[in-house]
Amino acid sequence: MKSFFHLFKNLAHPVGLIGTLFAVLIPFFIYLLPNVGQKEFIRNADLHFPIWLFIVQFIAIVSILIYLHKDLSEWVRSHFPSKRLFIAVIGFTVIATIFAGTQIEARHRVQSDESVFLSVAQNLYYNQSSGTCNQGEFQDSNLKCHVVSNSFKTKGQPFLYYLGMYLFGTDLQWIFSAQLLMFAATLLLFFLAVFVWTKEPILSFLSVILIAAQPTILFQFRSMSVEPLYFFLSALSILVLKWAHEKNTLIHWILLGLVLGFFAQTRQETIFCLFAFILFSLPKLLERKDEKAPAFFLTLSIFTLPALLTISFFQGYNFQGGEFNAHGHFLEHLISNWDVMTKPLQNGELVNPFLSYFNYLFLFGVFALVFSAVREWQKGKLGFSFYSLFFLLLYHIQTYAILENVSGDFSIEINQRYSVVMLPTMAFIAAFGIQFLISILLKATGTENKFSKATVSAVVILLSAIGFFGYTMSYKSSFNKNIMYNRNHLTIEEKNILTWLETEPAKKRLFIYGRPWHFIGYGISSVHYDFARSQNEAVLKKWIDDYDGEVYYVRGLDCWDSKTYHQKAVETRIPTTCDVFEREMQLESVKNILITNNYWLQIAKFKGRKTYQYDQVLQVSPLTIDSTKKITVSYTQRHTQATPWQTRIYLNQTLLLQEPYTANTFSRTLENASPVPGYNTLEFFIVDTLKRENVAYHQTIFFDQNQGATKLTDLAVVSHRQDWGELKKNTTIEDNPFTTAGKKYTEGFGTHAASTTVFLLDKPYSKFTALVGLDDESLCSDGVQLILEGDDKLLYQSPTIESQKMISIETSLSNVKKLTLKTLSLQSRDCDHVNIIYPTLYE
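These numbers come from a predicted model, not from an experiment.

**As for the state of the cysteines**
By definition, a disulfide links the sulfur atoms of two cysteines through a covalent bond.
In step 1: Considering all chains together, one arrives at 2 disulfides under this definition.
In step 2: Between Cys133 and Cys145 runs a disulfide, and the two sulfur atoms are separated by 2.2 Å. Here the disulfide of Cys133 and Cys145 is left-handed, its torsion about the S-S bond being about -125°. Placement of Cys133 in strand E1 (residues 132-139) and of Cys145 in strand E2 (residues 142-149) is noted, with a sequence separation of 12 residues between them.

**Some details on the packing of aromatic side chains**
In step 1: In the structure shown here, the tally under the stated rule is 67 aromatic pairs.
In step 2: Summarising the aromatic geometry, the rings of Tyr125 and Tyr126 are spaced 5.0 Å apart at their centres and angled 85° between planes, so their arrangement reads as edge-to-face.
In step 3: In this structure Tyr125 comes out as partly exposed when scored by relative accessible area, which is 22%.
In step 4: Three or more aromatic residues link up through ring pairs in this structure, and these residues are Phe80, Phe86, Phe92, Phe99, Phe191, Phe195, Phe205, Phe219, Phe469 and Phe479.
In step 5: A cation sits over an aromatic face here: Lys39 above Phe313, 5.1 Å from the ring centre.

**A closer look at the sheet that holds strand E25 (residues 793-797)**
In step 1: Taken in spatial order, the 5 strands of this open sheet run E17-E22-E27-E24-E25, and their pairing is antiparallel. Bordering the open sheet on either side are strand E17 (719-722) and E25, each of which pairs with just one other strand. Recorded for the sheet is a direction-independent mean angle of 20° between the axes of neighbouring strands.
In step 2: Inspection of the sheet shows E17 paired to strand E22 (residues 755-760) by 4 bridges, in the antiparallel sense. Directly across from Gln722, in E22, lies its bridge partner Ser755.

**Let's talk about the pairing of strand E27 (residues 818-825)**
In step 1: Judged from the 6 bridges that link them, E22 and E27 form a sheet pairing that is antiparallel. When the bridges of E27 are listed, Val758 appears paired with Thr820.
In step 2: As paired strands, strand E24 (residues 784-790) and E27 are joined by 7 bridges and run antiparallel to one another. Residue pairing for E27: Val784 is matched across the bridge by Ser825.

**A look at the layout of surface pockets**
In step 1: In this structure, the second largest pocket spans a volume of roughly 1,800 Å³.
In step 2: Per element, the largest residue contribution to the lining of the second largest pocket is 7 residues, and it comes from strand E15 (residues 693-704).
In step 3: Here the lining of the second largest pocket is built from residues that sort into 18 nonpolar, 13 polar and 15 charged.

**Points about helix H12 (residues 227-247)**
In step 1: In a regular helix each residue adds 1.5 Å, so 21 residues correspond to 30 Å; H12 covers 30 Å between its end C-alpha atoms and thus fits that length.
In step 2: In terms of burial, H12 is a largely internal element, 16 of the 21 residues being buried.
In step 3: Positive phi shows up at Asn248, right after H12, with a value of about 55°.

**Description of the pairing of E24**
In step 1: Burial analysis of E24 places 7 of its 7 residues in the buried class, which makes it a mostly covered element.
In step 2: Across 4 bridges, the pairing between E24 and E25 is antiparallel. Following the sheet pairing, Leu788 is matched in E25 by Tyr796.
In step 3: As consecutive antiparallel partners, E24 and E25 are separated by 2 residues, and within that stretch Asp791 has a phi angle of approximately 50°, a positive value.

**Observations regarding a positive patch on the surface**
In step 1: Together, Arg375, Lys379, Lys381 and Lys443 line one region of the surface with positive charge.
In step 2: Mapped onto the secondary structure, Lys381 falls in the loop between helix H18 (356-379) and helix H19 (384-395).

**Quick look at the nonpolar core**
In step 1: Core analysis: the largest hydrophobic core is formed by 136 residues, its most contacted members being Phe183, Phe191, Leu210 and Phe263.
In step 2: No other element matches the 12 residues that helix H9 (residues 174-198) contributes to this core.
In step 3: Once residues within four sequence positions are removed from consideration, Phe183 is found in contact with Ala96, Thr97, Ala100, Ala212, Ile217, Leu218 and Phe221.
In step 4: Ala121, Ile175, Tyr522 and Leu540 belong to the second-largest nonpolar core, a separate cluster that totals 47 residues.

**Topic: the sheet that holds strand E11 (residues 645-651)**
In step 1: Pairing in this open sheet of 4 strands is antiparallel, and the strands run E12-E11-E14-E15 from one edge to the other. The open sheet has two free edges, formed respectively by strand E12 (654-660) and E15, since each of these has just one partner strand. Across the sheet, the mean angle separating the axes of adjacent strands is 15° when strand polarity is ignored.
In step 2: Here E11 pairs with E12 via 6 bridges, running antiparallel. Bridge assignment links Thr647 to a residue of E12, and that residue is Glu659.

**Quick look at helix H4 (residues 50-67)**
In step 1: Along its 18 residues, H4 runs 25 Å from first to last C-alpha, staying within 8% of the 26 Å computed at 1.5 Å per residue.
In step 2: Those residues of H4 lying buried are Pro50, Ile51, Leu53, Phe54, Gln57, Ile61 and Ile64. Seen from one end, H4 has its buried residues packed into an arc of 160°, which puts them on one side. In H4, the exposed residues that point more than 90 degrees away from the buried face are Ile66 and Tyr67.

How each quantity is defined
- The residue numbering used here restarts from 1 in each chain and proceeds along that chain's sequence as written.
- Confidence filtering applies because this is a predicted model: local features only for residues at pLDDT of at least 70, side-chain atom pairs given and counted only at 80 or more, and all residues used for totals across whole chains, interfaces and linings.
- The basis for every side-chain value is the complete set of non-hydrogen atoms in the structure, without hydrogens or water.
- For the purposes of this analysis, a disulfide is any pair of cysteine sulfur atoms at a distance within 2.5 Å.
- Helix and strand assignments follow DSSP, with helices taken as H or I runs no shorter than four residues and strands as E runs no shorter than two, numbered in order from the N terminus.
- Stacked, tilted and edge-to-face are the three classes applied to pairs of Phe, Tyr and Trp rings, where Trp contributes its six-membered ring and a pair requires centres within 6.5 Å; stacked means planes under 30 degrees apart, edge-to-face means over 60, and tilted covers the rest.
- Note on exposure labels: buried denotes an accessible area under 20% of the residue type's maximum, exposed denotes more than 50%, and partly exposed covers the range between, all computed with a 1.4 Å probe on protein chains only.
- Here, over-ring charges are defined by two tests on the NZ atom of lysine or the CZ atom of arginine: distance to the ring centre within 6 Å, and angle to the ring normal within 35 degrees.
- Strands are treated as partners if at least two bridges between them are detected by DSSP.
- Each axis is a line fitted through C-alpha atoms, taken for helices only over the stretch in contact, and angles between the N-to-C directions span 0 to 180 degrees.
- Cavity: a set of points on a 1 Å grid over the protein atoms alone where a 1.4 Å probe fits but cannot get out. Pocket: an open set with protein on both sides within 12 Å along at least five of seven lines, its lining residues, like those of a cavity, having an atom within 4 Å of a point.
- Grid points are joined across faces, edges and corners, and a volume is the space filled by probe spheres set on the points.
- Each residue is assigned to one class: nonpolar for Ala, Val, Leu, Ile, Met, Phe, Trp, Tyr, Cys and Pro, charged for Asp, Glu, Lys and Arg, and polar for all the others, Gly among them.
- Expected span of a helix, by definition, is 1.5 Å for each gap between consecutive residues, and there is one gap fewer than residues.
- In this analysis, a patch consists of residues with relative accessible area above 30% that form no salt bridge, clustered at 9 Å for like charges and at 5 Å for the nonpolar side chains Val, Leu, Ile, Met, Phe, Trp and Tyr.
- To measure how exposed things are, a 1.4 Å probe is used in the Shrake-Rupley method; for residues, cover is taken only from the protein chains shown.
- By convention in these notes, a salt bridge is any Lys or Arg side-chain nitrogen within 4 Å of a carboxyl oxygen on Asp or Glu.
- His residues and chain termini do not enter the charge count, which takes Lys and Arg as positive and Asp and Glu as negative.
- Here the site of a charge means NZ on Lys, CZ on Arg, CG on Asp, or CD on Glu.
- Put simply, a nonpolar core is a bunch of buried Ala, Val, Leu, Ile, Met, Phe, Trp, Tyr and Cys residues held in one set by side-chain atoms that sit within 4.5 Å of each other.
- By the convention used here, residues are in contact when the closest approach between their heavy atoms is within 4.5 Å.
- Here the arc refers to the set of directions running from the helix axis out to each C-beta atom.

Dropping the structure here:
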């Protein structure tokens with residue numbers, strides 16, 4: 001290779017210097033502008049410039065391909081593999097595509113990311129803006145975005161969706177079929193990309209077989225994730241690089257610049273991959289003093305602008321990490337990700353969408369490639385192995401950028417898709433290792449010249465296709481169960497909402513939801529809870545009228561305060577926002593769906609804002625009980641209205657008072673109240689008698705020590721053990737208030753089955769009572785049982801206690817001195833968060 005100094009001398013001419021200077025200055029100034037007070041300029045450019053540049057880029061690529069069609073046809077013919085080989089590749093591709101299309105459900109894998117792409121595509125189509133339409137309404141064949149934000153995601157994929165919408169419509173479900181077709185096209189491109197550079201049938205075909213056999217690849221091409229497009233454009237870029245390298249004309253290099261520019265729009269760190277292409281292009285670009293190099297550099301610089309604008313606008317923004325540093329995790333992730341990618345099977349099924357053998361083949365391939373590269377170096381004749389190794393090291397600066405970031409942790413399921421950036425290279429290197437091993441074996445056995453290369457290739461390819469892809473197909477049940485992200489709550493949440501919508505008549509609807517862009521991506525109007533709350537009565541009524549009453553409130557994942565995400569993932573839960581919305585608005589329950597046994601997806605029809613302020617309807621002061629057990633309650637009712645409401649007061653479900661609701665402050669002695677020994681429940685209901693619904697509710701729990709009633713929580717715990725966590729008093733094991741089947745409780749024990757808790761009774765007691773249930777903080781339990789023992793003898797054994805159920809226990813304690821409470825798990829101990837509520841001893 002000529003010295004770089006000599007090569008760069010060929011840039012020393014006016015066009016070369018000016019073109020190169022502008023190519024360097026463009027990204028420099030784009031990155032600089034936000035730091036000199038021009039962030040608003042970058043924000044607007046990021047929103048409005050990309051679509052027009054993409055259109056120019058698309059037209060330019062198509063025009064050049066038309067112009068070069070004869071040249072392309074001749075070049076392909078001169079590099080094309082034998083017909084038999086290519087027919088075999090096509091046949092394998094068809095089999096792999098049919099398997100993926102029939103065994104893996106088409107669905108989102110990373111809900112929020114994929115929904116952002118869809119929402120941006122809708123905004124491109126209707127408003128020519130590349131921002132995320134976070135909240136908006138589809139009206140009169142237009143999309144009115146109430147809130148638009150700059151998208152941290154790259155814009156290339158949404159632009160392709162935008163083009164497809166003119167052909168296939170704005171209901172973007174067609175993308176799943178397009179992704180499957182792209183899978184077939186990508187395998188063929190990958191084969192050709194390897195073959196035109198190597199002319200090795202075994203290496204090329206093996207690379208395709210190995211990559212197609214990887215579960216992550218198969219799953220990702222059955223989603224709307226951007227990683228499949230990355231793989232497709234990566235293979236295309238390597239193919240076009242070879243074409244430009246051989247033809248070495250101005251227009252070929254401009255075409256490569258255009259393709260690489262769009263390749264950079266797949267993932268932000270893809271920018272780093274371009275260094276490998278640039279460096280390996282320099283010897284040809286700078287052979288002489290002409291316009292090729294500056295034209296290539298300038299084309300690349302201009303058409304990476306959309307990605308550069310996004311990077312510039314979001315520079316310094318820490319998206320992820322929480323208590324963890326955003327960067328500095330490369331070695332940690334390299335080790336932990338290896339463990340994830342080589343995790344053993346569980347009950348004969350894949351734990352993660354990776355196959356262990358592939359990683360070990362890759363390791364052997366690395367050894368073989370390095371060994372071959374060193375041999376070339378020693379001989380002073382650098383060849384394919386050395387340059388392949390050098391190119392891939394440069395190319396995978398991107399991989400370093402991914403793994404160095406906190407989000408490069410594959411133990412977080414949603415991050416496993418990033419492996420698609422690495423898997424094609426791993427497949428190529430693993431295939432190189434296999435070919436290297438075959439060559440050694442043939443030489444060692446003296447059969448190197450006994451069989452023709454075609455015969456060896458045919459045998460190896462056939463056995464590899466049967467072995468590797470057949471092995472993948474043997475995990476059919478794992479694919480059927482969607483083991484990649486099958487526990488992703490948002491994905492399952494959306495799937496259930498769309499499934500419910502399929503059962504409903506097709507109508508124009510508006511959804512009030514925590515992540516409105518999810519609906520907007522599918523062409524359905526949606527706004528956020530806070531936006532809906534901020535609207536006046538006229539707007540809310542107009543919504544109900546415009547959508548013929550088809551306005552829905554969805555309480556989804558964001559409304560629950562359970563920690564259902566990985567500690568490295570920064571997510572925001574807004575339960576208070578949802579609770580306030582539900583207090584202020586009139587809602588009619590439509591559908592409740594349990595999501596991954598963790599939380600309830602609740603869909604309700606929105607009826608407008610309530611005509612009263614919830615906290616003004618009823619305020620209750622602490623009750624008093626005198627020495628004669630008379631109960632006095634004080635409460636304030638401030639709401640003035642004409643609706644026939646009633647105030648009702650119950651003690652232990654016995655009605656004590658019923659009267660018309662009036663605005664006033666009251667202090668009443670409940671003459672007919674008769675507290676029972678132990679825990680008592682005093683309840684206030686404000687009831688709308690016309691609508692037959694509760695307007696307000698208040699509950700007070702108090703304990704009556706009459707007849708020697710004693711709280712078990714007041715006794716010392718002699719001994720305790722449990723399988724997970726630690727015993728908690730008056731909270732759940734996760735320190736939350738007790739909640740079972742949506743009802744709140746104040747006192748008791750929180751434990752986790754299996755557990756054993758022992759008490760020594762301080763005096764003779766006649767009986768024991770309690771309520772027992774599983775807490776709503778974790779709904780995935782398959783059930784538990786409670787056992788009571790007195791002096792090590794069985795007193796009581798409960799039936800199976802299931803989630804959302806509370807059972808009442810009452811058992812005799814005659815002459816018992818040691819009381820033991822045991823909770824038992826069934827087949828699984830997962831989520832066995834047991835609440836022992838209001839446990840009481842009676843003399």
